[in-house]
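As a plain string of letters, each chain reads:
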Amino acid sequence: MNARVNTIRKFCERHLGLSIFLGSFLVVLVVYWRVLGIGFLSDDYHILAVVANNSNVFSYFGTNIIGERGGSSYGPVFNALMIAQHALFGLSAVWYHLVLLLLHAGTATLLFLLVQRLTKRPGLALASAVLFLVLQGHVGSLAWVAVLPHVAATFFFWAALYAYFIFLQTKREPFYWATLGLFTLSLFTKEIVISSLLIFGLLHLLVKGKELRSVKAIATMIIRLIPLVIIAVGYFLLRKYTTGIGGGYYGAATIAFDVHHMKELFTQLLPHIFLFYL
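Notes on the structure follow. Since we're looking at a predicted model, the values are computed, not measured.

**Observations regarding the packing of helix α5 (residues 93–119) against helix α8 (residues 148–170)**
Between α5 and α8, whose axes approach to 9 Å, the crossing angle comes to 25 degrees. Considered as vectors, α5 and α8 are oriented roughly parallel to each other. For the element pair α5 and α8, the recorded crossing hand is left-handed. Of the residues in α8, those in contact with L100, L103, H104, G106, T107, L110, L111, L113, L114, R117 and L118 of α5 are L148, V151, A152, T154, F155, W158, A159, L161, Y162, F165, I166 and Q169.

Have a look at this one:
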């Protein structure tokens, strides 16, 4: 019995990422298994009709997500994912939900790995991953197929952040190029990712802060971050071209910066994240 336990422990230590992913997926299935039987909802039918009528992935780089010009959102990677799923699964909803659950488990795994490497505290990393997995705020995004861009963009973003962390630690260039590719996938899946650019700078400061005492080190950091900004600018211009929307989004042409309103909204939303557990 002890030999078997030791074998399992060694496997988990040797394949930490895979072990955390399998554990995360098991937790996801236990908590969210009911979503597998929900079927399609609301906008699911609309986006499925869109990709069924136009399965040309490249055409969505010049249109919004519903294949038109003006309004709506811009996310060609989202369209590509939906086209691939429609080709594989047809109208069998359970597989679409399973993809969402797998992405959710994948994001929790990346969260664990990054926190564990940053803090060297496995317990804190595990608690962070479990909390992310089970928070009730994720129910809507896992039960609603059309909300795939939120789940997929989150996964790609955390993958980009983790790749950048590995690059900063090892200076291995492939991880830097992976960062740029994954950030591009994330941004071209959901526009809100454009607001996350500063996080890469903060991560760089966190990992390399002690070394940023020379002009050369600071210049190197800026040079590494510039391509991310260029990608974001390119996305913004394409989004403006396809949707006609500049600083706003599909719900409002402009976004007013109202600190009082933002504070009030944050105060109202924060308790609902944990409400189920209170």
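**Quick notes on helix α6 (residues 122–134)**
Spacing of three or four residues puts side chains on the same side of an α-helix, whose turn is 3.6 residues. With 13 residues, α6 ought to run about 18 Å at 1.5 Å a step, and its terminal C-alpha atoms sit 18 Å apart, in line with that. Looking at α6, one finds that the buried residues are A125, A129, F132, L133 and V134. The inward-facing, buried residues of α6 abut α2 (16–32) and α5.

**Regarding the side chain of S24**
Within the secondary structure, S24 sits in helix α2. Under the relative-accessibility criterion, S24 is labelled buried at 4%. Leave out the neighbours within four places in its chain, and S24 touches A105, A108, T109 and L133.

**Re the side chain of S186**
Secondary-structure assignment places S186 in helix α9 (residues 173–187). Taking relative accessible area as the criterion, S186 reaches 0% and is therefore assigned buried. For S186, the side chain forms a polar contact with the main-chain oxygen of A153, separated by 2.8 Å. Apart from the residues within four sequence positions on either side, S186 is in contact with A153, F156, F157 and V193.

**Section: the pattern of salt bridges**
According to the stated counting rule, one finds two salt bridges in the structure shown. Across the pair R224 and E173 runs a salt bridge whose closest N-O atoms are separated by 2.6 Å. Pair noted here: R224 is in helix α11 (residues 215–243) and E173 is in helix α9, with a separation of 51 residues, a long-range link. Its salt-bridge partner being E191, residue R239 comes within 2.7 Å of it at the nearest N-O pair.

**So, the packing of aromatic side chains**
Evaluated as defined, the whole model comprises 17 aromatic pairs. Consider the rings of F89 and Y96, whose centres lie 5.6 Å apart with planes at 75 degrees: the pair is edge-to-face. Since its relative accessible area comes to 1%, Y96 is described here as buried. Look at Y164 and F200: their rings are 6.0 Å apart centre to centre, the planes differ by 70 degrees, and that puts the pair in the edge-to-face class. Taken together, the positions of Y164 in helix α8 and F200 in helix α10 (residues 197–208) put the pair 36 residues apart, joining distant regions of the chain. Look at Y164 and you get buried, because its relative accessible area is 0%. Among the residues examined, F200 registers a relative accessible area of 0% and is labelled buried. Three or more aromatic residues link up through ring pairs in this structure, and these residues are F157, W158, Y164, F167, Y176, W177, F183 and F200. Above the plane of the ring of Y176 lies R224, whose end atom (NZ or CZ) is 4.6 Å from the centre.

Quick notes on the rules
- Residues numbered from 1 in each chain as written.
- Predicted model: local features only at pLDDT ≥ 70, side-chain atom pairs only at ≥ 80, totals over all residues.
- Heavy atoms only, no water.
- Axes fitted to C-alpha atoms, helices over the stretch in contact; angles between N-to-C directions.
- Helix = DSSP H or I, 4+ residues; strand = E, 2+ residues; numbered from the N terminus.
- Parallel < 35°, antiparallel > 145°, perpendicular 65-115°, else oblique.
- Left-handed = near helix turned anticlockwise from the far one by under 90°.
- Contact = heavy atoms within 4.5 Å.
- Expected span 1.5 Å × (residues − 1).
- Buried < 20%, exposed > 50% of the residue type's maximum accessible area, 1.4 Å probe, protein only.
- Polar contact = N/O pair within 3.5 Å; in protein donor to acceptor, adjacent residues only side chain to side chain.
- Salt bridge = Lys/Arg side-chain N within 4 Å of Asp/Glu carboxyl O.
- Phe/Tyr/Trp six-rings, centres within 6.5 Å; stacked < 30°, edge-to-face > 60°.
- Lys NZ or Arg CZ within 6 Å of the ring centre and 35° of its normal.

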